[in-house]
Amino acid sequence: MGELSRVVLVTGGGSGIGRGVAESFAAGGDRVVVADISAGAAEAAAAELGAEWVALDISDAAAVEAAVSQVHDRIGAVDVLVNNAGLTAGGGPLVELDIAAFDTCFRVNLRGTFLMTRAVGARMAERGEGGAIVNITSIGARQPTPGLGHYEASKAAVEALTRSAAIELAPRGIRVNAVAPGPVRTPMTAGLTADAAARAAWEQRIPLARIAEVADVVPAVVFLASPQARHITGASLQVDGGQLLG
Ligand SMILES: NC(=O)c1ccc[n+]([C@@H]2O[C@H](COP(=O)([O-])OP(=O)(O)OC[C@H]3O[C@@H](n4cnc5c(N)ncnc54)[C@H](O)[C@@H]3O)[C@@H](O)[C@H]2O)c1
């Protein structure tokens, strides 16, 4: 797997962290596929970045299989998969949480990551040239914030999936790691970052005293996918300004 001109598939690449990740790989000379449930966002990001795009819902097994086989036929075998697409689907204390929010969150974050890992990982293993998978989780997998229990449980499950995939795929030279951000300024957190009091409350929990920008998170993803990380697998790298230290 060469450092340049890899085929890199980024789910949720139409917005926020995924878009930043796609931009960085494209700038480094890789062939990037922006995969998003929003065809409009995927197409717009791809046009700006000089990337390819595909529309898919990662929680839909048939759509995943169709999109991944289309990418293989049209663009080439995937060398790097970034499982970034995710959502909270709402929030609230567990004893009051809308059950549909719980189900949607697990369907997209856990089932979606599983389906993508299954479809792309099987092809990587069959091809026999290694590969890298990076899952975007959250420090919430390890440190609770009231009102986000369903989301944090889904991300903890993705961290477990990361370790299982890492041990199963290691004999094939495929590395699987996670990047666990703290709060990041993206469309997902627009409500939080626009509210001065909410923003201050979050910043108080962060030793480095600020909410991350997308550009703070992207290099960790690019590194874990790179040959420089060739002996790292099954890891979860927090990018949180030290929030887990508290
Ligand atoms: N923003 C944060 O503070 C933060 C912190 C920790 C972890 N994360 C994680 O980072 C990832 C990206 O978050 P973001 O803040 O950039 O969010 P975002 O809402 O800006 O972008 C998410 C993208 O995923 C796409 N998407 C949603 N559901 C999809 C599906 N079923 N199939 C395909 N695409 C789908 C959306 O259309 C969107 O383009 C998520 O997994 C999120 O949980 C975010």
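Residue positions are given per chain, counted from 1 along the sequence in the order it is written. Under the rules for a predicted model, residues below a pLDDT of 70 receive no local features and side-chain atom pairs below 80 are neither given nor counted, while totals for whole chains, interfaces and linings still include all residues. Calculated side-chain values reflect all of the structure's heavy atoms, with hydrogen atoms and water omitted.

### What about the packing of helix α1 (residues 16-27) against helix α8 (residues 214-225)?
For step 1, the next point in the chain: Across the interface, α1 lies against α8 with an axial gap of 9 Å and an inter-helix angle of 55°. With respect to each other, α1 and α8 are oriented oblique. Of the two elements, α1 crosses α8, and the hand of that crossing is right-handed. Seen from α1, the contacting residues are G16, I17, G20, V21, S24 and F25; seen from α8, they are V214, V217, V218, V221, V222 and A225.
For step 2, the next point in the chain: Considering only residue class, the contact of α1 with α8 consists of nine nonpolar, three polar and no charged. Each axis is a line fitted through C-alpha atoms, taken for helices only over the stretch in contact, and angles between the N-to-C directions span 0 to 180 degrees. A run of H or I in DSSP becomes a helix once it reaches four residues, and a run of E becomes a strand once it reaches two; helices and strands are each numbered from the N terminus. Relative orientations are named as follows: roughly parallel for angles under 35 degrees, roughly antiparallel for angles over 145 degrees, roughly perpendicular for angles from 65 to 115 degrees, and oblique for any other angle. What makes a crossing left-handed is the near helix being turned counterclockwise from the far one by less than a right angle; a clockwise turn instead makes it right-handed. The contact criterion used is simple: two residues touch if any of their non-hydrogen atoms lie within 4.5 Å. Ten residue types, Ala, Val, Leu, Ile, Met, Phe, Trp, Tyr, Cys and Pro, are classed as nonpolar, four, Asp, Glu, Lys and Arg, as charged, and the remainder, Gly among them, as polar.

### Comments concerning the site of the ligand
For step 1, the next point in the chain: Each residue is tested against the molecule or strand, and it is near if at least one of its non-hydrogen atoms lies within 4 Å. Near the ligand, the surroundings consist of 27 residues, among which S15, D36, N84, Y151 and T186 are the closest.
For step 2, the next point in the chain: Polar contacts, as counted here, are pairs of nitrogen or oxygen atoms within 3.5 Å of one another; within protein the pair requires one atom able to donate a hydrogen and one able to accept it, and residues that are adjacent in sequence qualify only if both atoms are side-chain atoms. Within the side chain of S15, one N or O atom sits 2.7 Å away from an oxygen atom of the ligand.
For step 3, the next point in the chain: Separating an oxygen atom of the ligand from a backbone N or O atom of I17 is a distance of 2.8 Å.
For step 4, the next point in the chain: Of all the secondary structure elements, the ones that give two or more residues to the shell around the ligand are α1 and α5 (149-169).
For step 5, the next point in the chain: Of the residues belonging to the shell around the ligand, the class tally is 13 nonpolar, eleven polar and three charged.

### What to know about the UniProt feature "domain: Ketoreductase" (unreviewed entry) in the chain
For step 1, the next point in the chain: UniProt positions are given in the numbering used here, feature names are shortened, and annotations may be inferred rather than shown by experiment. The UniProt feature table records "domain: Ketoreductase" (unreviewed entry) at residues 6-182.
For step 2, the next point in the chain: As a span, residues 6-182 carries 49% helix and 19% strand, and end to end its C-alpha atoms are 28 Å apart.

### Some thoughts on the sheet that holds strand β2 (residues 31-36)
For step 1, the next point in the chain: Any two strands with at least two DSSP-identified bridges between them are counted as paired. Pairing in this open sheet of seven strands is parallel, and the strands run β3-β2-β1-β4-β5-β6-β7 from one edge to the other. With one partner strand each, in any of the chains shown, β3 (52-55) and β7 (236-239) form the two edges of the open sheet. Going from strand to strand, the sheet's axes swing by 20° on average, the running direction of each strand aside.
For step 2, the next point in the chain: As defined by bridge partners, strand β6 (residues 174-181) adjoins β7 across four bridges and the pair is classed as parallel. Counted as the bridge partner of V179 is L237 from β7.
For step 3, the next point in the chain: Along the sheet, helix α3 (residues 61-74) contacts β1 (7-11), β2 and β3; its crossing angle with β3, the most-contacted strand, is approximately 155°.
For step 4, the next point in the chain: Against the sheet, helix α4 (residues 99-127) makes contact with β1, β4 (80-83), β5 (131-136) and β6, and its axis sits at roughly 175° relative to β4, the strand it touches most.

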